[in-house]
Amino acid sequence: MTKELLKGNEAFAEAAIRAGVEGFFGYPITPSTEFLEHMARRMPQLGRAFVQAESEVAAINMVYGAACTGKRVMTASSSPGLSLMMEGISYIAGTEVPAVIVNVMRGGPGLGNIAPSQGDYYQMVKGGGHGDYFPIVLAPASVQEAIDSIAMAFDLAEKYLSIVHVIVDGNMGQMMEPAELPPMREIPTESPPWAVTGAKDRDPNILTSIYIDPVEEEVTDLRLLKRWKEVEKNEVRYEEYALEDAEMAIVAFGTSARVASSSIRDAREEGIKVGLLRPITLAPYPEKRLDEISEQVERILVIEMNSGMMLDDVRRVVQGRVPIEFYGRMGGITPLPDEILDEIRRVDTNKTEVKGDPREAWMARLEKNIMGEDK
Amino acid sequence: MKETSIIISGFGGQGTLFAGQVLAYTALDNDLEVTWIPSYGPEMRGGTAHCTVILSEERIGSPIVGNPDIVLALNLPSVDKYESLITSGGMLIANSSLFNREIEREDITSLLIPANKIAEEIGMARLANMIMVGAMVKLNPILTMEMVKAGLEEHIPKRHRKTLPGNFEAMEKGFAFAEEAMG
């Protein structure tokens, strides 16, 4: 295989096809629509199921039903669409069947806009649906990594009978980059033992998320938690850049991390010792590595395209050992490399202790900047 | 070559996204790292459209830039928007068929090219975009004319193959204009 120039959404959809997805159920929404369009073209060609449902609520429940048959199934949508799906997602989690859900995030809350955002961090990483469940969340930062993540997402979903969210922002869905698609995987002919496939000559499998007796529900929830602990032990993924001798660590994911890596390159040329920790799994979070980094660096700068959501996880792990500063853009605005470079310089020269919520100081600076932009 | 950022901007329908894709495919064929990212907002539906192309020999970080190295501005709003943002020492190629003002920046290379007029002269009014690309490869041969022609030939969809000679001619006209203008 050689590298091709691939558009994010189309490449992600084709990656799912190559990974053996047998059913796609969705509803179009910018900036993820090309994902569904690619599925609409390709799935019927391959004799696989494609349904454009009447709503996101219907689509996720189709995913739920189809997942119970043991086939690889998925949906893809964008932020408001994910909100509509949350009930179904919780049912899938409670039933312990695998499903892969791609979220190409846009600006919010509410109808918001179609510009790129990371504002769904809480919703995706902390669950979003009701009840005690723990989704796996992958946050790739390039078209190639997203292709690889989607294939991996199916394997993880099946291994842990879990929801796997693959989250990117609108930039990633819309951009073109050289990338290589994997070869087409064989579709397994045998169903997993838990699947509902018709109970001829065997005891019926019962898949449900109803446990009327709280004791049974507690047993189930404990099983989910134990499975999650296995995920935490085995599946943490992250990437580092220029951290070896770093005195300042930037923590960022997805597009924010990419932009930050450009700024880090420029800051390094100015002699500022700054590096990057980029979580690829947002859940499970790379806690152990961040813990080590907190012992090494003097300062941490968290960069996000939201109001400081992952910041909470960083503060939780760092526990006040080093000062943490925050820089975010919200509402569908992607920070530019120069903005982050200015932040790196500021944090490098302004070595004050940060007390309390790092967002306070950032909010004041942002407000000034926004007013400045208006003039 | 560290990294070169190019913004191609104009009205929807002027082929700005396509021109950017031609550069991106050409970069791919020549083993460069490349990103292409469009404006995909409501502006795609009738207003302005632009794309950012970044070429590099190394892994590319940010796919967007605040200060592009090269801007191909196909209309006046694009000139107004980007003239002040181009990096010092960068380049602005502007379609002077659609506006009548001077370029004020003196620390950048600027070229006013009547791309619509030239396109109409060769009977292909819709190829102003490729005339601008032709001028760009003359002024900054980060991708050469041969490379871009080969890239276009390799990647143009079958149904559009008949437009290849026209695209080539448009690029050559733009190249020749830039050659003459810049001496």
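Residues numbered from 1 in each chain as written. Chains lettered and ligands numbered in written order. Predicted model: local features only at pLDDT ≥ 70, side-chain atom pairs only at ≥ 80, totals over all residues. Heavy atoms only, no water.

(A) Quick look at the overall build of chain A. Across its full length, chain A holds 13 helices and 14 strands. Along the first, second and third principal axes, the C-alpha set of chain A runs to 75 × 50 × 40 Å. Out of the 375 residues in chain A, the part that is buried amounts to 57%. Here the analysis covers contacts within chain A between residues at least 6 apart in sequence; of these, 80% occur between residues at least 24 apart. Approximately 15,500 Å² of chain A is accessible, and the part contributed by carbon and sulfur atoms is 53%. A distance of 2 Å separates the average location of the 40 positive side-chain charges in chain A from that of its 59 negative side-chain charges. (Helix = DSSP H or I, 4+ residues; strand = E, 2+ residues; numbered from the N terminus. Buried < 20%, exposed > 50% of the residue type's maximum accessible area, 1.4 Å probe, protein only. Contact = heavy atoms within 4.5 Å. Areas by Shrake-Rupley, 256 points an atom, 1.4 Å probe, with all protein chains shown as cover. Lys, Arg positive; Asp, Glu negative; His and termini not counted. Charge placed at Lys NZ, Arg CZ, Asp CG, Glu CD.)

(B) View of the domain arrangement of chain A. Residue and element names in this part refer to chain A. Domain parsing of chain A yields domain 1 (4-234) and domain 2 (239-374). In this structure, domain 1 and domain 2 have C-alpha centres spaced 29 Å apart. Contacts between domain 1 and domain 2 engage 30 residues on the former and 26 residues on the latter. Counting the surface lost from both domain 1 and domain 2, the interface buries some 2,100 Å², and carbon and sulfur atoms represent 52% of this. Interface area lost by domain 1 to domain 2 is led by Gln118, Tyr121 and Tyr122, which between them contribute 32%. For the pair domain 1 and domain 2, the number of links is three salt bridges. Here Glu145 ties to Arg278 by a salt bridge, and the two come within 2.8 Å at their closest N and O atoms. (Domains from an automatic or database assignment. Buried area = accessible area lost by both parts, 1.4 Å probe. Salt bridge = Lys/Arg side-chain N within 4 Å of Asp/Glu carboxyl O.)

(C) Representation of helix α6 (residues 164-182) of chain B in the model. All names here are of chain B. Its 19 residues place the ends of α6 27 Å apart at the C-alpha level, agreeing with the 27 Å of an ideal helix rising 1.5 Å per residue. Taken together, the buried positions of α6 are occupied by Leu164, Gly166, Asn167, Phe168, Ala170, Met171, Gly174 and Ala178. Packed against the buried residues of α6 are α1 (16-29), β6 (109-113), α4 (128-139) and α5 (145-155). Positive phi shows up at Gly183, right after α6, with a value of about 75 degrees. (Expected span 1.5 Å × (residues − 1).)

(D) Structural view of the sheet that holds strand β12 (residues 281-283) of chain A. Residues and elements named next belong to chain A. The mixed open sheet is built from seven strands, whose spatial order is β3-β2-β4-β5-β7-β6-β12. Where the open sheet ends on each side, the last strands, each with one partner, are β3 (49-52) and β12. Taken pair by pair, the neighbouring strands of this sheet meet at an average axis angle of 20 degrees, ignoring direction. Sheet strands in contact with helix α3 (residues 56-67) are β2 (23-26), β3, β4 (73-77) and β5 (99-105), and its direction is about 160 degrees off that of β4. (Pairing = 2+ DSSP bridges. Axes fitted to C-alpha atoms, helices over the stretch in contact; angles between N-to-C directions.)

(E) Fine view of the environment of Thr48 of chain B. Inspection of the secondary structure puts Thr48 of chain B in strand β3 (residues 48-56). A C-alpha to C-alpha distance of 9.0 Å links Thr48 of chain B and Asn75 of chain B, two positions 27 residues apart in sequence.

(F) Here's a closer look at the packing of α4 of chain B against α5 of chain B. All names here are of chain B. With their axes 9 Å apart at the nearest point, α4 and α5 run at an angle of 145 degrees to one another. Only Met145, Val148 and Leu152 of α5 make contact with α4, whose side of the interface consists of Met130, Val133, Gly134 and Val137. Taken together, the residues of the contact of α4 with α5 sort by class into six nonpolar, one polar and no charged. (Nonpolar A, V, L, I, M, F, W, Y, C, P; charged D, E, K, R; others polar.)

(G) Representation of the side chain of Glu304 of chain A within the structure. Residues and elements named next belong to chain A. By secondary structure assignment, the location of Glu304 is in strand β13 (residues 299-304). One buried charge, Glu304, has no salt-bridge partner; the nearest side chain with opposite charge is Arg359, at 7.2 Å. There is a polar contact of 3.0 Å between the side chain of Glu304 and the side chain of Asn306. (Polar contact = N/O pair within 3.5 Å; in protein donor to acceptor, adjacent residues only side chain to side chain.)

(H) Inspection of the nonpolar core at higher detail. Counting 116 residues, the largest nonpolar core has Ile250 and Ile300 of chain A as the members making the most contacts within it. Examining the composition of this core, we find that 10 residues originate from one element, helix α6 (residues 143-159) of chain A, more than from any other. Taken domain by domain, this core gets at least three of its residues from each of domain 1 (4-234) and domain 2 (239-374) of chain A. The residues contacting Ile250 of chain A, other than those within four sequence positions of it, are Ala260, Ile264, Val274, Gly275, Leu276, Leu277, Leu301, Ile303, Ile340 and Ile344 of chain A. Judged by nonpolar contacts, the second largest core, of 49 residues, contains Ile142, Val148, Leu164 and Ala170 of chain B. (Core = buried A, V, L, I, M, F, W, Y, C linked by side-chain atoms within 4.5 Å.)

(I) The pattern of salt bridges, seen in detail. Residues and elements named next belong to chain A. Taken as a whole and judged by the stated rule, the model has 45 salt bridges over all chains. Between Arg365 and Glu343 there is a salt bridge whose closest N-O contact spans 3.2 Å. One end of the pair, Arg365, is in helix α13 (residues 359-374); the other, Glu343, is in helix α12 (residues 337-349), and 22 residues separate them in sequence. On the accessibility criterion, Glu343 (7% relative accessible area) is buried. When salt bridges with common partners are traced through the structure, they connect Arg72, Asp155, Glu158 and Arg185 into a single cluster.

(J) View of the pairing of strand β8 (residues 176-179) of chain A. Residue and element names in this part refer to chain A. In β8, alternate side chains face the same way, and those of Met176 and Pro178 on one face and Glu177 and Ala179 on the other are all buried. In terms of strand pairing, strand β1 (residues 4-7) meets β8 through four bridges, oriented antiparallel. Counterpart to Glu4 in the pairing with β8 is Ala179.

(K) Here's a closer look at unusual backbone geometry. All names here are of chain A. The step from Thr30 to Pro31 runs through a cis peptide bond, and the omega angle for that step is 5 degrees. A cis amide bond links Gly108 with the next residue in sequence, Pro109, at an omega value of 10 degrees. Backbone geometry at Asp201 places phi at a positive 65 degrees, although glycine is not the residue there. One can find Asp201 in the loop between β8 and α8 (214-234). Despite not being glycine, Ala242 shows a phi value in the positive range, around 60 degrees. Along the chain, Ala242 turns up in the loop between β9 (238-241) and β10 (248-251). Using a relative accessible area of 16% as the deciding quantity, one classes Ala242 as buried.

(L) Seen up close, the interface of chain A and chain B. Opposite the 29 residues of chain A that make contact, chain B presents 25 residues. Summing both sides of the interface, chain A and chain B together bury roughly 2,100 Å²; the carbon and sulfur share of this comes to 60%. In terms of surface lost to chain B, no three residues of chain A exceed Leu5, Met176 and Arg265 of chain A, which account for 27% of the buried area on that side. Between the two partners, chain A and chain B, sit three salt bridges. The salt bridge partner of Arg59 of chain B is Glu239 of chain A, with a shortest N-O separation of 3.0 Å. Along the contact surface separating chain A from chain B lie seven residue pairs in polar contact (both at pLDDT 80 or more).

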